[in-house]
Number of protein chains: 2
Amino acid sequence: MSGVRGSARECSIANALAVVGERWSLLVLREVLLGNVRFDAIAAATGGSRDILAARLHTLVDAGVLEKRPYSSQPRRYEYVATHSGRALQPVLLALMDWGDRYVTPGPPPTVWEHSCGAELHLAAVCAACGSPVDSGSSRLLRLGGVDQV
Amino acid sequence: MSGVRGSARECSIANALAVVGERWSLLVLREVLLGNVRFDAIAAATGGSRDILAARLHTLVDAGVLEKRPYSSQPRRYEYVATHSGRALQPVLLALMDWGDRYVTPGPPPTVWEHSCGAELHLAAVCAACGSPVDSGSSRLLRLGGVDQV
DNA sequence: CCAGTTAGTTGGATAGTCCAACTCAGCAGC
DNA sequence: GCTGCTGAGTTGGACTATCCAACTAACTGG
C-alpha cells in the first residue's frame, strides 16, 4: 500500500492488490476462511509476526474484507470473520492454490478439498456466459482504461 | 520472499505467494500477458521503479514464470515472455480483476475482455469435475498437510 | 497470590522500496 | 567525430516495512 503512484494503468488487478496484496493478507484470509478466526490461531497457522498481523487485520477490517466481532466482553476479545467481500476472494485463493500445486509445491498437493459433487475439488476458470474454459488466446481486450480497443 | 519461517501451514497458497506474492510481481505478469514484454514498457505501465522491476523480472525468470529472450544482439536487448507456468497464472489475475471490479474499483470496470464466445468475459470458478460453481459452503476440507480430516 | 490465556503493543535491528541519477551500448543526424 | 537519443538496466541514499523478542493489560483457574 502507500506507494501506489498516481500514474500507471487504471486496473482492478492493481486496485485489488492494493487491498489484499500486502504480505500476509491473503494468508490471513485463508485462515479465516478455514475457520481460524482468533488472533493467536491466525498467528500460529500463518507464522507471521504478531505486530504485522495486527496491522493486516486492521487494514482488512477497514477495507471491509473482514469483520471484527466481539466474542467475549470482560475480557474484551474479538474474532475476525469474512464479510461478503472476503468470501468473494475464495476464487483467488483457490486459483493460487491450484497454481501452487501444479507449478511450485513438489509432490502431491498438501491441501485437498472435496466438492459437494463428491469429487476432489479442482478449479476451472470458465466464461460465465458460455461455460467454456478460459485460457490465454480465447479472450481479447475489449476496453482498457475506458478506451475501446481495436 | 526470504522471511518464510519454517513452521506455519504447509500450503500451496503460501508457496505460490512466495513466488508471485511480492510487490509488483503480478502487475509485471499482467503486462507481459497484455503483450508489454519490454523493460521500459513494463516500467511505464506498472509505475514501479526500475530497480525493483529488474529484481522482480530476475526472480520471475528464475522461478520459471517468465523467460528472457533476446530480440536483438548488438545492442543486446531482451524481452520477457510468459512460460507455460506464467500463462497458467491467468486465472489468478482474472479472479483478482473480477474481485477488484466488484469490491474495490468504483464505477464500471476499467478493463473489459471479450471471450471467444462473443460475450463480455466474466470469470466463474467451477468444479472441474462437475462444472457447477464453487462457492464457500459447497466444498469441504479433505486432507490438510497430508493428514485426512474427518 | 501466582501461573496461564488472549490480544495485542513497543523498540531496535534488519530487510525491502522509492527515486533520481548514472552507466553502457549502439545508432541517427550533422 | 561529436552530440543526443533509446533501451536496459545499476547505483546510492532516504525512507518505509518487517522481524522478533519482550512487554502490557485484563481477566481466569487453582
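This write-up is about the structure you can find in this document. Given the structure is predicted, the values throughout are model-derived calculations rather than measurements.

**Some remarks on the relation of the copies chain B and chain A**
With an axial shift of 0.0 Å and an RMSD of 0.1 Å, the rotation relating chain B to chain A amounts to 180 degrees. One copy is carried onto the other by what is essentially a two-fold rotation axis. Taking C-alpha positions as the reference, the residue of chain B nearest the rotation axis is Ala125(B), at 2.5 Å. An overlap of 99% is found between the interface residues of chain B and their copies at the interface of chain A, pointing to a shared contact surface.

**Side note on the interface of chain B and chain A**
Put simply, an interface is often sized by how much accessible area is lost when its parts join up. Counting from both sides, the interface comprises 86 residues of chain B and, opposite them, 85 residues of chain A. In total, chain B and chain A occlude about 7100 Å² of area from one another, counting both sides; carbon and sulfur atoms represent 63% of this. By the criterion of area lost to chain A, the three top residues of chain B are Arg9(B), Ile13(B) and Trp99(B), representing 10% of everything that side buries. Where chain B meets chain A, there are two salt bridges. The tally of links between chain B and chain A comes to 20 residue pairs in polar contact (both at pLDDT 80 or more). Only α1 (12–20), α2 (25–34), α3 (39–46), α5 (84–87), α6 (90–103), β3 (111–115), β4 (123–127) and β5 (139–144) of chain B provide two or more residues apiece to the side of chain B that touches chain A. No other element matches α6(B), which puts 12 residues into the side of chain B that touches chain A. Its residues assigned to classes, the side of chain B that touches chain A comprises 48 nonpolar, 25 polar and 13 charged. In this sheet, β5(B) lies alongside strand β3 (residues 111–115) of chain A in antiparallel orientation, the contact comprising five bridges. Each bridged residue has a counterpart across the sheet, and for Thr111(A) the counterpart in β5(B) is Leu144(B).

**A short note on the side chain of Arg56(B)**
Residue and element names in this part refer to chain B. Mapped onto the secondary structure, Arg56 falls in helix α4 (residues 50–62). Despite its burial, Arg56 pairs with no opposite charge, the nearest such side chain being Glu22 at 4.1 Å. The residues contacting Arg56, other than those within four sequence positions of it, are Glu22, Arg23, Trp24 and Ser25.

**Observations concerning empty space enclosed by the protein**
Residue and element names in this part refer to chain B. Counted under the stated rule, the structure contains one cavity of 30 Å³ or more. By volume, the largest cavity amounts to about 60 Å³. Around the largest cavity sit Met97, Asp98, Asp101, Pro109, Thr111, Val112, Trp113, Glu120, Leu121 and His122, which together line it. Listing elements by their share of the lining of the largest cavity, those giving two or more residues are α6 and β3. Among the residues forming the lining of the largest cavity, the class breakdown is five nonpolar, two polar and three charged.

**Brief notes about the state of the cysteines**
Considering all chains together, one arrives at zero disulfides over all chains under this definition. Cysteine Cys117(A) remains unbridged, with the sulfur of Cys130(B) as its closest cysteine sulfur at 3.7 Å. Cysteine Cys127(A) shares no disulfide, and the gap to the nearest cysteine sulfur, in Cys130(A), comes to 3.8 Å.

Cut-offs used in this document
- Residues numbered from 1 in each chain as written.
- Chains lettered and ligands numbered in written order.
- Predicted model: local features only at pLDDT ≥ 70, side-chain atom pairs only at ≥ 80, totals over all residues.
- Heavy atoms only, no water.
- Least-squares fit on C-alpha atoms with pLDDT ≥ 70 in both.
- Contact = heavy atoms within 4.5 Å.
- Buried area = accessible area lost by both parts, 1.4 Å probe.
- Salt bridge = Lys/Arg side-chain N within 4 Å of Asp/Glu carboxyl O.
- Polar contact = N/O pair within 3.5 Å; in protein donor to acceptor, adjacent residues only side chain to side chain.
- Helix = DSSP H or I, 4+ residues; strand = E, 2+ residues; numbered from the N terminus.
- Nonpolar A, V, L, I, M, F, W, Y, C, P; charged D, E, K, R; others polar.
- Pairing = 2+ DSSP bridges.
- Buried < 20%, exposed > 50% of the residue type's maximum accessible area, 1.4 Å probe, protein only.
- Lys, Arg positive; Asp, Glu negative; His and termini not counted.
- 1 Å grid on protein atoms, 1.4 Å probe; cavity = no way out; pocket = protein on both sides within 12 Å on 5 of 7 lines; lining within 4 Å.
- Points joined across faces, edges and corners; volume = space filled by probe spheres on them.
- Disulfide = S-S within 2.5 Å.

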